Amino acid sequence: MSAPSAISNRWMQHRLLWPLVTLAILLAVNAAFNPGFLRIEWREGHLYGSLIDILNRAAPLILVSLGMTLVIATRGIDISVGAVVAISAAVAAWTIGGNVDGTARFGLPLAIVAALGVALVCGLWNGVLVAGVGMQPIIATLILMVAGRGIAQLITDGQILTVYHKPFFFLGGGYLLGLPFSVFVVAAVFGALYLAATRTALGLFMQSVGINPTAARVAGVQTRRLVLGTYAVCGLCAGLAGLLISSNIKSADANNAGQLLELDAILAVTLGGTLLTGGRFSLVGSVIGALIIQTLTYAIYSLGVPPEINLVVKAVVVFAVMLLQSAEFRTTLRVLAVRPAGGLR
């Protein structure tokens, strides 16, 4: 086999190929129906355009997806991240307060620390139930998924807390060096997790726990501590996402903040090539998966799909994408394509 053919086959077998192809197709569809989709211009001191808007809107989902990737890599699942987003947003909004004059009750630094601290506690709670008590991950996190919304409503007293503190708006709506500040937050979290997963033994440990937790424990891996840590990081990522969302909308809505975000995060992780059975995972793939979902959402709204059927359209497109990413399905299609020719011989 020639060198170019070997390189081509290697790329065709790369697990990020189909997610990248899917993202490229969605971008092309958007560009075809919206001539100005790919245009980026400098306006009011920062970059402006549809692509920039997609990056900004996708930031919370990327953060949650990164944390979810670590949990899934260790054979877990966390369906409480949406509730943790709501709790984090509620804590931040309550700590800052709703003073119309824009003054903060306790200050922005304390609000950020309090929101992230509560999110970390939520993640540790899930980790203790899974790694310590031995509950099934979906049941352990279902508890906080149900109770978390109630906790957020207690914090907000059942109301939508509006924030008028302008420095808080910078987290989700500000710009740095021409780009949304949320992009830098995502880049920092991704960089830290990627280095930990690829430049330390943590990545290997997570893979070993996901593939065979018993063998990993016998080999000396502290499986319980590792699982506890992944849930803690997942909670922190959800807390950061809650800060970005509440900052962007300038309020905390306990009922709607992060609603169904856990499903989009799981879908993004799956689209990115991470196995739900644990072991193999890809942080880069999860970022691409989140961008796929946000680009698809943008396409649905920009094409004027009626609101009553947009979820159905989204589900159909995602189903088709998952089929195309399936090696077994592609093999079946190839067999069906060559069968008629073979029958004529």
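This report concerns the structure included in the present document. Computed from a prediction, not measured in an experiment: that's the story for all the values here.

**Notes on a nonpolar patch on the surface**
Next, step 1: The grouping of I25, V29, F33 and L303 at the surface amounts to a nonpolar patch, some 380 Å² of accessible area in total.
Next, step 2: Checked against the element boundaries, I25 lands in helix α2 (residues 17-33).

**Section: helix α3 (residues 50-73)**
Along an α-helix, residues three or four positions apart point the same way, because every turn accommodates 3.6 residues.
Next, step 1: With 24 residues, α3 should reach 34 Å at 1.5 Å per residue; the first-to-last C-alpha distance of 33 Å fits that figure.
Next, step 2: Bending of α3 peaks at approximately 45 degrees at the position of A59, with proline P60 no more than four residues after it.
Next, step 3: The element α3 is extensively covered by neighbouring structure, given that 20 of its 24 residues are classed as buried.
Next, step 4: Backbone geometry just after α3 places R75 at a positive phi near 70 degrees.

**Observations concerning the environment of V71**
Next, step 1: In this structure, V71 sits in helix α3.
Next, step 2: For the pair V71 and L276, spaced 205 residues apart in the sequence, the C-alpha separation amounts to 9.7 Å.
Next, step 3: The contact partners of V71, leaving out residues within four places of it in the chain, are G76, I77, D78, T230, Y231 and C234.

**Describing the packing of helix α4 (residues 81-96) against helix α11 (residues 223-249)**
Next, step 1: Contact pair α4 / α11: the axes reach a minimum separation of 7 Å and the direction vectors enclose 55 degrees. Taken together, the axes of α4 and α11 are oblique relative to one another. Judged by the twist between their axes, the crossing of α4 over α11 is right-handed. Of the residues in α11, those touching α4 at V81, V84, V85, S88, A89 and A92 are C234, G235, A238, G239, A241, G242, L243, I245 and S246.
Next, step 2: Considering only residue class, the contact of α4 with α11 consists of ten nonpolar, five polar and no charged.

**As for the pattern of salt bridges**
Next, step 1: For the structure shown, the criterion picks out two salt bridges.
Next, step 2: We note a salt bridge from R43 to E41, for which the minimum N-O separation is 2.1 Å.
Next, step 3: Residue R43 is classed as partly exposed on the basis of its relative accessible area of 36%.
Next, step 4: E41 gets classed as partly exposed once you look at its relative accessible area, which sits at 30%.
Next, step 5: The partner of D53 in a salt bridge is R57, and the shortest N-O contact between them spans 3.5 Å. With D53 and R57 both in helix α3, this residue pair falls four residues apart, about one helical turn.
Next, step 6: When its relative accessible area of 29% is taken as the criterion, D53 is described as partly exposed.

**Things to note about the side chain of T274**
Next, step 1: Inspection of the secondary structure assignment puts T274 in the loop between α12 (261-271) and α13 (283-302).
Next, step 2: You can call T274 buried: its relative accessible area is 3%.
Next, step 3: A polar atom in the side chain of T274 sits 3.1 Å from the backbone nitrogen of S282.
Next, step 4: Beyond its immediate sequence surroundings of up to four residues, T274 is in contact with T69, I72, V269, R280, F281, S282 and S286.

About the cut-offs
Residues numbered from 1 in each chain as written. Predicted model: local features only at pLDDT ≥ 70, side-chain atom pairs only at ≥ 80, totals over all residues. Heavy atoms only, no water. Patch = residues over 30% accessible without salt bridge, like charges linked within 9 Å, V, L, I, M, F, W, Y side chains within 5 Å. Areas by Shrake-Rupley, 256 points an atom, 1.4 Å probe, with all protein chains shown as cover. Salt bridge = Lys/Arg side-chain N within 4 Å of Asp/Glu carboxyl O. Helix = DSSP H or I, 4+ residues; strand = E, 2+ residues; numbered from the N terminus. Expected span 1.5 Å × (residues − 1). Bend = angle between axes of the 7 residues up to and from the residue. Buried < 20%, exposed > 50% of the residue type's maximum accessible area, 1.4 Å probe, protein only. Contact = heavy atoms within 4.5 Å. Axes fitted to C-alpha atoms, helices over the stretch in contact; angles between N-to-C directions. Parallel < 35°, antiparallel > 145°, perpendicular 65-115°, else oblique. Left-handed = near helix turned anticlockwise from the far one by under 90°. Nonpolar A, V, L, I, M, F, W, Y, C, P; charged D, E, K, R; others polar. Polar contact = N/O pair within 3.5 Å; in protein donor to acceptor, adjacent residues only side chain to side chain.

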